[in-house]
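Commentary on secondary and tertiary structure
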Amino acid sequence: MAKGEHKSPQHLEKHPFGGWPGRRRIPAIARYIATKYADQGPKLIPTDLKVSALFEQAASIEMSNFQPSALGFLSEKFKP
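Residues numbered from 1 in each chain as written. Predicted model: local features only at pLDDT ≥ 70, side-chain atom pairs only at ≥ 80, totals over all residues. Heavy atoms only, no water.

Here we take up the overall build of the protein. Within the protein, the secondary structure is distributed over three helices and zero strands. Secondary structure elements of the protein occur, N-terminal to C-terminal, as α-α-α. Accessible surface computed for the protein: about 6,800 Å², of which carbon and sulfur atoms make up 64%. (Helix = DSSP H or I, 4+ residues; strand = E, 2+ residues; numbered from the N terminus. Areas by Shrake-Rupley, 256 points an atom, 1.4 Å probe, with all protein chains shown as cover.)

Let us look at a nonpolar patch on the surface. A cluster of nonpolar side chains, Ile29, Tyr32, Ile33 and Tyr37, forms an exposed patch at the surface whose accessible area comes to about 410 Å². With respect to the element layout, tyrosine 37 can be found in the loop between α2 (25-36) and α3 (49-77). (Patch = residues over 30% accessible without salt bridge, like charges linked within 9 Å, V, L, I, M, F, W, Y side chains within 5 Å. Salt bridge = Lys/Arg side-chain N within 4 Å of Asp/Glu carboxyl O.)

The final tally for this structure, using the stated rule, is one salt bridge. Salt-bridge contacts for glutamate 56 lead to arginine 31; the nearest nitrogen and oxygen are separated by 2.8 Å. Within this pair, whereas glutamate 56 is found in helix α3, its partner arginine 31 is found in helix α2, the two being separated by 25 residues in sequence. For glutamate 56, a relative accessible area of 35% corresponds to the partly exposed category. (Buried < 20%, exposed > 50% of the residue type's maximum accessible area, 1.4 Å probe, protein only.)

Here it is in structure tokens:
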């Protein structure tokens, strides 16, 4: 990302917002796996409507507030 490769036409074909690969996909993949295998092991995503809303609120807060700060720290810590 330091070289701007994430803004190349080839990258933008797969990631139209020019972000890090997987950054937004990881929660979607986690939800997919938790839903697909919901009958195996503990329930990872709540089914109760109110509890589910609180779960989604917490997930949104994590993506909006924690993740950008954590990624900023990591990009500073592990510069090429």
